[in-house]
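For reference, the chains in residue letters:
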Amino acid sequence: MGWRINQSPNLTKMWVAGGNAGTAALAENFNIRSSDIDGLVSKASEVKADLVVVGPEAPLALGLADRLYEVGIPVFGPSRAAAQIEASKGFALTLMKEAGVPCPDFASVRDQAGARSYIKKHPGPLVVKADGLAAGKGVLLCEDSEQVSEAVKLCLTDRAFGDAGETVILEEYLSGPEVSVFAFSDGQNLSPLVAACDYKRLGDGNIGPNTGGMGSFSGPEFWTPELADQVEKSIMYPVLQAMAQRGTPYKGVLYAGLMLTGTPSDWKPKVLEFNCRLGDPETQVVMPLLASDPLDLMLACAEGNLNETQVRWNNKNYVGVVMVSGGYPEDYQTGFEISGLDCDGPEDTMVFHSGTQLGDGGPITAGGRVLTVVGGGDTTEQARIRAYSRLENINFEGAVWRRDIGSSAHLGAAGSSK
Ligand code: AMP
Ligand code: GLY
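In this report, the structure presented in the accompanying data block is examined. (Residues numbered from 1 in each chain as written. Chains lettered and ligands numbered in written order. Predicted model: local features only at pLDDT ≥ 70, side-chain atom pairs only at ≥ 80, totals over all residues. Heavy atoms only, no water.)

Some points on the overall build of the chain
Part 1: For the chain, the count of helices and strands is 13 helices and 18 strands.
Part 2: For a compact globule of 418 residues, the expected C-alpha radius of gyration is about 22 Å, and the chain comes in at 21 Å, within 12% of that figure.
Part 3: Put simply, the chain has 418 residues, and 53% of those count as buried.
Part 4: Counting contacts in the chain only where the partners sit at least 6 residues apart, residues at least 24 apart contribute 67% of the total.
Part 5: Accessible surface, the chain: about 18200 Å² in total, of which carbon and sulfur atoms supply 47%.
Part 6: On the chain, the mean spot of the 34 positive side-chain charges and the mean spot of the 51 negative ones are 4 Å from each other. (Helix = DSSP H or I, 4+ residues; strand = E, 2+ residues; numbered from the N terminus. Rg over C-alpha atoms; globule rule 2.2 N^0.38 Å. Buried < 20%, exposed > 50% of the residue type's maximum accessible area, 1.4 Å probe, protein only. Contact = heavy atoms within 4.5 Å. Areas by Shrake-Rupley, 256 points an atom, 1.4 Å probe, with all protein chains shown as cover. Lys, Arg positive; Asp, Glu negative; His and termini not counted. Charge placed at Lys NZ, Arg CZ, Asp CG, Glu CD.)

Below you can see the structure in the form of structure tokens.
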């Protein structure tokens, strides 16, 4: 997001909370944690920010946007009440039920007895989820009732997800291709939608442990204008209207994680989750598609006049490959020098930093997911070739990445749970 904002002719100066070696080249990094709401509000006031753009969900769920509005600073990102759409899965499911938005059948329970009564009626495979924010970890796919009660115990008794698991959601198990759909919103109006797929598993062919994301591509083949229209009408607008009717209009970027049930000739998209932000690593392949001025657009969302701003997406394809530290998502070491970042790759390639920081001699690794190497093109294949060709020059000790991101085998179903 910082990379795209940095291209705006309207930008005078950018500050980034936390930040990494990548943002250090574009902005002034400062060291305030994303959970320190008081600290962030004071910093924004001190630098007289014209706009605050919030990336992650946690500060939104803690009310950062509300606090910034109180001191008169426009903010791109939803209020605490609207961020419930991500922060509580039960909230999102209830809202969808009320608004008639297609989603899995579900129950929200707080004890084993509640879980048992749902399992009786729904003996098949189920998905057990911690209701609250669990950093992408609180989802357990269960084959039978025994696994379901184990998973419920893990949340309620073992408290594996802390307070996030005090309420547990049991959900009908769905299958099909997954797609992340994004739209900007000012509370009433929506931008045109854009779609991307992410890869969650560590290994080629979607095997191995779940991760924060090993890669992504934008413009999946199945994302036709008809499907976009269907998702806009049956999912995005009804949710926006329901939020406005509750007195908690949704401003910011609305991310719907969908599973396409049905068949390619008659997709029936259902919502697996909403997020109150851009996804990672989808952002890295979605921001290069944004043809409009990012600051105009984000300010219009904050100020409620998105209908006066044209949001345009270009129709190229982007593929992003994530390079992670050896051992991730388990234990890993950091502090390794990253080489090859200055080597030019083919045209339309970019390197986005995640877990990096500036060492004495240049960028070093500082996290599990280190970099995303992105290539663009007129087709996914061209984008994929460019991304991997740029990646060839980049290295750090123990680097791991998938070789099959954006390859034709997955274009229909990169993140499919099957
Ligand atoms: P979530 O955090 O809700 O997106 O869930 C993470 C992943 O779990 C999704 O990307 C899916 O692969 C899988 N998942 C979540 N809910 C379901 C469901 N109801 N049926 C099948 N798979 C699911
Ligand atoms: N790519 C999934 C997420 O950001 O939640």
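Regarding the site of ligand 2
Part 1: In the vicinity of ligand 2, the contacting residues are Asp198, Tyr255, Asn275, Arg277, Gly279, Asp280 and Glu282.
Part 2: One of the side-chain N or O atoms of arginine 277 is found 2.9 Å from an oxygen atom in ligand 2.
Part 3: Measuring from a nitrogen atom of ligand 2, one finds a backbone N or O atom of aspartate 280 at 2.9 Å.
Part 4: Across the complex, the protein chains shield 86% of the 200 Å² of accessible surface that ligand 2 would expose by itself.
Part 5: Tallied by class, residues from the shell around ligand 2 come to one nonpolar, two polar and four charged. (Near = heavy atom within 4 Å. Polar contact = N/O pair within 3.5 Å; in protein donor to acceptor, adjacent residues only side chain to side chain. Nonpolar A, V, L, I, M, F, W, Y, C, P; charged D, E, K, R; others polar.)

A short note on the sheet that holds strand β7 (residues 139–142)
Either a parallel or an antiparallel arrangement is found when strands of a sheet pair, and the pairing is made through backbone hydrogen bonds.
Part 1: Strands sit in the order β5-β8-β6-β7 across an open sheet of four strands; the sheet is antiparallel. Whereas interior strands pair on both sides, the edge strands pair on one side only; in this sheet they are β5 (106–109) and β7. Adjacent strand axes in the sheet meet at a mean angle of 20° when their direction is disregarded.
Part 2: The pairing of β5 with strand β8 (residues 168–172) spans four bridges and is antiparallel. Residue valine 109 lies in a different strand from β8, and its bridge partner there is valine 168.
Part 3: Docked against the sheet, helix α7 (residues 89–99) engages β5, β6 (126–130) and β8, running at close to 45° with respect to β8. (Pairing = 2+ DSSP bridges. Axes fitted to C-alpha atoms, helices over the stretch in contact; angles between N-to-C directions.)

Thoughts on the nonpolar core
Part 1: Counting residues in hydrophobic clusters, the biggest one holds 74 residues, and the most contacted among them are Ile85, Trp223, Val231, Met236, Phe274 and Leu371.
Part 2: When neighbours within four sequence positions are excluded, valine 231 is seen to be in contact with Val181, Leu193, Trp223, Met236, Leu258 and Pro269.
Part 3: Within the second largest apolar cluster, 31 residues are counted, among which are Phe184, Ala196, Val311 and Met350. (Core = buried A, V, L, I, M, F, W, Y, C linked by side-chain atoms within 4.5 Å.)

Considering the pattern of salt bridges
Part 1: Counting across every chain of the model gives 19 salt bridges.
Part 2: A salt bridge links glutamate 28 to lysine 13; the shortest N-O distance between them is 2.5 Å. With glutamate 28 in strand β2 (residues 28–30) and lysine 13 in the loop between α1 (2–5) and β1 (15–17), this residue pair connects regions lying 15 residues apart in the sequence.
Part 3: In this structure, the salt-bridge partner of lysine 200 is aspartate 198, at a minimum N-O distance of 3.3 Å.
Part 4: Accessibility expressed as a relative area gives 7% for aspartate 198, which makes it buried.
Part 5: Each member of the salt-bridge network shares a partner with another, and the members are Glu57, Glu86 and Arg277. (Salt bridge = Lys/Arg side-chain N within 4 Å of Asp/Glu carboxyl O.)

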